[in-house]
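Here are the chains, one letter per residue:
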Amino acid sequence: MNTDAVMPKAACATCSLAQNARLIKLGIETGGWDYVVALAGNPNTGKSTVFNAVTGLRQHTGNWPGKTVTRAEGGFIYDGKRYKLVDLPGTYSLLSTSVDEEIARDFILFGQPHVTVVVVDATRLERNLNLVLQILEITDRVVVCLNLMDEAERHGIKVDDRALARDLGVPVVPTVARRGEGIPELLAAIAQVASGEYATRPHRIRHLDPEVGQAVERLTREIEKTFKGLPNARWVAMRLLEGDERIIEAVRKHELGELAPAAEMASTMQPALETA
Ligand SMILES: Nc1nc2c(ncn2[C@@H]2O[C@H](COP(=O)(O)OP(=O)(O)OP(=O)(O)O)[C@@H](O)[C@H]2O)c(=O)[nH]1
Ligand SMILES: [Mg+2]
């Protein structure tokens, strides 16, 4: 066999130009999607920059926290599958209380994205991992986008992305989103997690006292009965037991129930996902 003829082809398939050719930016056209992907992360980590790079849209970006204050949607096709990408406001925690943080929290918890991409700042990894670990508690379909790698390098910070991926149990993709670096690899990881081809094994902390565990289970069942189709009822139960005022109020006002239609809409995709 003539290896010269084979080699360039093989190299072509993995180079970033070829991978970008697998991407079609759809702008605001998001109908008929196969998968919904959420972009979560602390404020100012580059979520909207990633969103713009893959949708071709021009969400507001800038070097200060709190620019994205509401949910923005855009679409793209990757390897023939249609994706709806949701850019969220920055949030430090799923227990946050500001209005824009609540928008992000509600979508991550109840919007049932097929994949949640957590965009983290490689120069502030320790602080950013708090949200990553919280999200890993509620979903196993996570990709970590390790952004601002150029800044990390400039500050002499080295991040072992492979060790991080191993410890977290989900793909970790280093990127410099502003320059488009790592975006093809990020898209490939999203596609693999969405289809189930990459079976994640999320890092979870589970050491509930048996009595607390029983209370959580009982309350979870009650919540599931009251708010039919609501995902993450267990998370809600834990917050209620902790006395989280916001969640108590949302339950009292039946605001959690209002989120269920969005969940139902996305859940029509679930059978397809499970058979994938
Ligand atoms: N040096 C560098 N700058 C980046 C990178 N990615 C994004 N930025 C810049 O970081 C700043 C924040 O980016 P945004 O995309 O607005 O961040 P965001 O996470 O959407 O911010 P909020 O919506 O406020 O939470 C902008 O000035 C971007 O140009 C990167 O990889 N390297
Ligand atoms: Mg933003």
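Residues numbered from 1 in each chain as written. Chains lettered and ligands numbered in written order. Predicted model: local features only at pLDDT ≥ 70, side-chain atom pairs only at ≥ 80, totals over all residues.

Turning our eyes to something else, we now look at the overall build of the protein. Check the secondary structure of the protein and you find 14 helices and 7 strands. Counting every position in the protein, which comprises 276 residues, the buried fraction comes to 37%. When contacts within the protein are restricted to residue pairs at least 6 apart in sequence, those whose partners lie at least 24 apart make up 68%. (Helix = DSSP H or I, 4+ residues; strand = E, 2+ residues; numbered from the N terminus. Buried ≥ 20, exposed ≤ 12 C-beta atoms within 10 Å, placed from the backbone. Contact = placed C-beta atoms within 7 Å.)

Attention now moves to unusual backbone geometry. The backbone of Asn44 shows a phi angle near 65°, a positive value even though the residue is not glycine. Here Asn44 lies in the loop between β2 (35-41) and α3 (47-55). For Asp79, which is not a glycine, the phi torsion comes out positive at approximately 50°. Relative to the helices and strands, Asp79 is located in the loop between β3 (72-78) and β4 (81-87). C-beta crowding within 10 Å serves as the criterion here: with 12 such atoms nearby, Asp79 is assigned to the exposed category.

Right, let's get into the packing of helix α10 (residues 233-242) against helix α11 (residues 245-252). Relative orientation of the contacting elements α10 and α11 amounts to 115°, with a least axis distance of 8 Å. Considering the relative orientation of α10 and α11, their crossing is left-handed. Residues Val236, Arg239 and Leu240 of α10 form the contact with α11, whose participating residues are Ile247, Ile248 and Val251. Looking at the contact of α10 with α11 residue by residue, the classes come out as 5 nonpolar, no polar and 1 charged. (Axes fitted to C-alpha atoms, helices over the stretch in contact; angles between N-to-C directions. Left-handed = near helix turned anticlockwise from the far one by under 90°. Nonpolar A, V, L, I, M, F, W, Y, C, P; charged D, E, K, R; others polar.)

With that settled, consider the nonpolar core. Of all hydrophobic cores here, the largest spans 57 residues; its most connected members are Val117, Val118, Val143, Val144, Cys145 and Ile190. Sorting elements by how many residues they give to this core places helix α8 (residues 183-195) first, with 8 residues. Look past the residues within four positions of Val144 in its chain and what remains in contact with it is Val118, Val120, Val132, Leu168, Val170, Pro171 and Val172. (Core = buried A, V, L, I, M, F, W, Y, C linked by C-beta atoms within 7 Å.)

All right, on to the pairing of strand β5 (residues 115-121) then. Here β5 lies mainly inside the structure; 7 of its 7 residues are buried. Burial along β5 is two-sided: the face carrying Val115, Val117, Val119 and Asp121 and the face carrying Thr116, Val118 and Val120 are both buried. Pairing geometry for β2 and β5, over 5 bridges, is parallel. In the sheet register, Gly41 faces β5, and the bridge partner there is Val119. Where β5 lies against strand β6 (residues 142-147), 6 bridges are found, and the strand directions are parallel. Residue pairing across strands places Val120 opposite Leu146, the latter belonging to β6. In this region the chain leaves β5, passes through helix α5 (residues 125-138) and returns to the parallel neighbour β6; the handedness of that crossover is right-handed. (Pairing = 2+ DSSP bridges. Right-handed = clockwise from strand over helix to strand, strands pointing away.)

Quick look at the site of ligand 1 now. For ligand 1, the set of nearby residues contains 24 residues, the closest of which are Gly46, Ser48, Thr61, Thr68 and Gly90. Mapped by element, the contributors of at least two residues to the shell around ligand 1 are α3 and α6 (149-154). If you tally residues by element for the shell around ligand 1, the top one is α3, at 3 residues. A breakdown of the residues in the shell around ligand 1 according to their chemical character gives 6 nonpolar, 13 polar and 5 charged. (Near = placed C-beta within 6 Å.)

For Val176, the location among the structural elements is in the loop between β7 (172-174) and α8. When the 19 C-beta atoms within 10 Å are taken as the criterion, Val176 is described as partly exposed. Considered as a pair, Val176 and Gly46 are 130 residues apart in the sequence and their alpha carbons are 9.0 Å apart. For Val176, the residues in contact, after removing those within four places along its chain, are Met149, Asp150, Glu181 and Gly182.

Let's shift gears to the pairing of β3. Judged by how many residues are buried, β3 sits mostly within the fold: 5 of 7 residues are covered. Sheet topology places β3 next to β4; 7 bridges connect them, and they run antiparallel. Paired with Tyr78 across the two strands is Lys81, which belongs to β4. Hairpin connection from β3 to β4: 2 residues lie between these consecutive antiparallel strands, with Asp79 at a positive phi of about 50°.

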